[in-house]
Amino acid sequence: MQDFICTKTENFPDSGSVCWTSPSNIALIKYWGKKPVQIPANSSLSFTLNECYTKTKIDFKKSAEFKIKLFVDGAENVEFLEKIETFLTRIKQFCPYIFTYKLSIHTENTFPHSSGIASSASGMSALALCLISIERIACKLSENEFLKKASFISRLGSGSACRSIYGPIGVWGKHPSFFESNDEFAVAYNSIHPIFTTFQDTILLVDKGKKQVSSTLGHQLMNNHPFSELRYDQAKENLEKLKKILTNGDITSFIQLVESEALTLHAMMMTSSPYFILMKPNTLSIIHEIWEFRKSKKVPLCVTLDAGANIHLLYPEQVKSQVLEFVEDNLVVFCENQQYICDSVGNGPNLLMEHYA
Ligand code: DP6
């Protein structure tokens, strides 16, 4: 952690602009349960997405007094500003230089705000990448140091955000089988069978409303959960199994493991105290339709879910047209306003522009 404290004060630009896009991600091995501050109770692994991303631009200028303005989709926003201020206070010890500037932040998502898709992973990682870009210039960070620190800072904003720094796969949390994996930032994982680089994620928007129970509370409820230790051990074993599957391209085992992880996540919610259910009746209808389709048509596809009611339908590109036809014919009726989003595994964030003076 000490490595991430920036003690340098000279060579920082007087002003400038920097703009990044950073994607959302979908966990295959789920992070659920944490210790202060944002230390995961188990390691997790996710596919980085391609189409669902946040674009964030920061204009900054040296200022005697720290000031910050936030614009979401072009309009000044106070609600999210508070969240960002809390985040900046949390990272102050690691990035004190931020407080020597006046910041103007413009941010927008490619996916609708009220889609039930969490924007914290893409939003926090895009913001972290912009902030650490300023440090990269002043401290001459190598590419590797830059990405590590951006992931570390993203994690302090939202745990799952730290995995978005890398595509096609990010792994977060110490695990004996993943080189350099650790609890403080995510690492990239690229040793995968080519089939997984073509994976599609069709996100079926079952419920676009705000969740009744936040992830923050859900994580907390793992602390006194009767099955938490078993779950953490299982996640560790599942990650080991998934590593082998990702190498050998065994889609049947992939399907079984990924669905089991998603259902276990929701089983943890249903067995916590207080218990809660985030799936909706249409979530279950979709799962049953998919299982039936898979069995009868022998199409390799599986479902996973985040902490919400929406379904992520994962499958290799080679069956895309068949799956999308099935979605149109059988699943859109269960989606709110018949909406779904077509995404796929992506390569991670992109720097769109940087300019320093
Ligand atoms: C179910 O990363 O949103 O999506 O660290 O409190 O911001 P905070 O939680 P968050 O939790 C994500 C939980 C999950 C599983 C996952 O993405 O691994």
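This section reports on the structure supplied with the text. Quick caveat, the model's predicted, so the values are computed rather than measured.

Re the sheet that holds strand 10 (residues 200-204)
Within a beta sheet, neighbouring strands are joined by backbone hydrogen bonds and run either parallel or antiparallel to one another. Here we have 4 strands laid out as an open sheet, ordered 11-12-10-13, and antiparallel in their pairing. The sheet is open, and its two edges are formed by strand 11 (302-304) and strand 13 (340-344), each paired on a single side. Strand-to-strand twist in this sheet, taken as the mean axis angle between neighbours without regard to direction, amounts to 25 degrees. As paired strands, strand 11 and strand 12 (residues 311-315) are joined by 3 bridges and run antiparallel to one another.

A look at the packing of helix 6 (residues 228-248) against helix 7 (residues 251-270)
Where helix 6 meets helix 7, the axes come as close as 10 Å, and the angle between the chain directions of the two elements is 160 degrees. Taken together, the axes of helix 6 and helix 7 lie roughly antiparallel to each other. Relative to helix 7, helix 6 is oriented so that their crossing is left-handed. On helix 7, the residues that touch Arg 231, Gln 234, Ala 235, Asn 238, Lys 241, Leu 242, Ile 245 and Leu 246 of helix 6 are Ser 253, Phe 254, Leu 257, Glu 261, Thr 264 and Met 268.

Quick word on the site of the ligand
Taken together, 15 residues form the shell around the ligand, and within it Tyr 31, Lys 34, Ser 158, Gly 159 and Ser 160 come nearest. Note that an oxygen atom of the ligand is positioned 2.6 Å from one of the side-chain N or O atoms of Tyr 31. At a separation of 3.2 Å, an oxygen atom of the ligand approaches a polar side-chain atom of Asp 306. Here the residues of the shell around the ligand are counted per class, giving 5 nonpolar, 6 polar and 4 charged.

Examining unusual backbone geometry
A cis geometry characterises the amide bond from Pro 36 onward to Val 37, with omega recorded as -20 degrees. Structurally, Val 37 can be placed in the loop between strand 2 (34-35) and strand 3 (39-40). Following Ser 273, the chain continues into Pro 274 via a peptide bond in cis, with omega recorded as 0 degrees. Among the secondary structure elements, Pro 274 is positioned in the loop between helix 7 and helix 8 (281-297). With phi around 60 degrees, Gln 38 is a residue other than glycine that occupies positive phi space.

Conventions adopted
Residues numbered from 1 in each chain as written. Predicted model: local features only at pLDDT ≥ 70, side-chain atom pairs only at ≥ 80, totals over all residues. Heavy atoms only, no water. Pairing = 2+ DSSP bridges. Helix = DSSP H or I, 4+ residues; strand = E, 2+ residues; numbered from the N terminus. Axes fitted to C-alpha atoms, helices over the stretch in contact; angles between N-to-C directions. Parallel < 35°, antiparallel > 145°, perpendicular 65-115°, else oblique. Left-handed = near helix turned anticlockwise from the far one by under 90°. Contact = heavy atoms within 4.5 Å. Near = heavy atom within 4 Å. Polar contact = N/O pair within 3.5 Å; in protein donor to acceptor, adjacent residues only side chain to side chain. Nonpolar A, V, L, I, M, F, W, Y, C, P; charged D, E, K, R; others polar.

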